[in-house]
Amino acid sequence: MKKLPYLIFTAISVIIFSCSQKKDFAPVYKGSIEGGDWINIHTIGYYGSSHTGDCSSKIDSANQYSYGFCKILSEISENPIKKLNVSVWLKLADINKKVPLVVVITDKNNKNIYWEGRDINPAVKEVNKWYKFSSEYELPKYENEGTKVSIYVWNPNKNNAFVDDFELKFSE
């Protein structure tokens, strides 16, 4: 009987301690083309060249923007997101023409509050082979209401390139 108060105290302590611990926040979005919530899906097709699956996104003179991701940030987290880790697989026909991975944050009026394009080319060692590019972005402070993030590969030089398998990890 003397152990009962001790057991109750221990059980309550464990419950309180486990509930008070901050849970890791790291929503991950993966886009293997086949399925998912993605933009510029008109660039997706069966081109005989994909990293995984049967489809990839082809960017060229007709389509400068790859398939990508666009979502209101408050739908990802109620708290401001501070970091974004992005990885994507791509295959370039010309490694001498710059192709950036772009992250854009727009406010509720669709005005850019952040735009950054990082050159993918240094990660690509040979033409017409698949390479993974990864980058971390520090996001600026923003108002949570209606602010959205867009992520895509931009092809300003209009050369042929293929994009596949985005992975996005958001951190508070």
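Here's a quick rundown of the structure. Sequence order as written defines the numbering, with residues in each chain counted from 1. Where totals are concerned, whole chains, interfaces and linings use all residues; where local detail is concerned, this predicted model gives features only for residues with pLDDT of at least 70, and gives and counts side-chain atom pairs only at 80 or more. Hydrogens and water are ignored here; the side-chain numbers use all heavy atoms of the structure.

**Digging into the environment of Asn 155**
Step number 1: Each helix is a run of H or I in the DSSP string that is no shorter than four residues. Each strand is a run of E no shorter than two, and both are numbered from the N terminus. Looking at the element boundaries, Asn 155 is found in the loop between strand S9 (148-153) and strand S10 (161-171).
Step number 2: Residue Asn 155 is classed as buried on the basis of its relative accessible area of 0%.
Step number 3: Residues Asn 155 and Ser 66, 89 residues apart in the sequence, show an inter-C-alpha distance of 8.0 Å.
Step number 4: The contact definition used throughout considers only heavy atoms, calling two residues in contact when any of these lie within 4.5 Å. Not counting residues within four places of it along the chain, the set of residues in contact with Asn 155 comprises Ile 59, Asp 60, Gln 64 and Val 99.
Step number 5: Any pair of nitrogen or oxygen atoms within 3.5 Å is treated as a polar contact; in protein, a donor-acceptor pairing is required on top of that, and neighbouring residues in sequence qualify only through side-chain atoms on both sides. A distance of 2.5 Å separates the side chain of Asn 155 from the backbone oxygen of Asn 159, its partner in a polar contact. Per-residue accessibility, obtained with a 1.4 Å probe over protein chains only, is compared with the maximum for each type, and a residue is labelled buried under 20%, exposed over 50%, and partly exposed between these values.

**Points about the pattern of salt bridges**
Step number 1: We define a salt bridge as a side-chain nitrogen of Lys or Arg found within 4 Å of a carboxyl oxygen belonging to Asp or Glu. For the structure shown, the criterion picks out six salt bridges.
Step number 2: A salt bridge links Lys 83 to Glu 138, with the nearest nitrogen and oxygen atoms 3.9 Å apart. Of the two residues, Lys 83 sits in strand S5 (residues 83-92) while Glu 138 sits in strand S8 (residues 131-138), which places them 55 residues apart along the sequence.
Step number 3: Since its relative accessible area comes to 31%, Lys 83 is described here as partly exposed.
Step number 4: Glu 138 gets classed as partly exposed once you look at its relative accessible area, which sits at 47%.
Step number 5: Glu 116 is the partner of Arg 118 in a salt bridge, and the nearest nitrogen-oxygen pair spans 2.7 Å.
Step number 6: Each member of the salt-bridge network shares a partner with another, and the members are Lys 83, Glu 136 and Glu 138.

**Examining the packing of aromatic side chains**
Step number 1: Two aromatic rings, drawn from Phe, Tyr or Trp (for Trp, its six-membered ring), form a pair once their centres lie within 6.5 Å of each other, and the interplanar angle then sorts them: stacked below 30 degrees, edge-to-face above 60, tilted otherwise. Using the criterion set out here, one finds six aromatic pairs in the structure.
Step number 2: With a centroid separation of 5.2 Å and 70° between ring planes, the pair formed by Tyr 67 and Phe 166 is classed as edge-to-face. Linking Tyr 67 in the loop between strand S3 (56-59) and strand S4 (69-72) with Phe 166 in strand S10, this pair joins segments that are 99 residues apart in sequence.
Step number 3: For Phe 166, a relative accessible area of 2% gives the class buried.

**Topic: the side chain of Ser 57**
Step number 1: Positionally, Ser 57 belongs in strand S3.
Step number 2: Among the polar contacts made by the side chain of Ser 57, one reaches the main-chain amide nitrogen of Tyr 67 at a distance of 2.9 Å.

**Observations concerning the nonpolar core**
Step number 1: Counting 32 residues, the largest nonpolar core has Leu 101, Ile 151, Val 153, Phe 166 and Phe 170 as the members making the most contacts within it.
Step number 2: Setting aside anything within four residues of it in sequence, one finds Ile 151 in contact with Gly 68, Phe 69, Leu 84, Val 86, Leu 101, Val 102, Val 103, Phe 166, Leu 168 and Phe 170. Definition used in this section: a nonpolar core is a set of buried Ala, Val, Leu, Ile, Met, Phe, Trp, Tyr and Cys residues joined via side-chain atoms within 4.5 Å.

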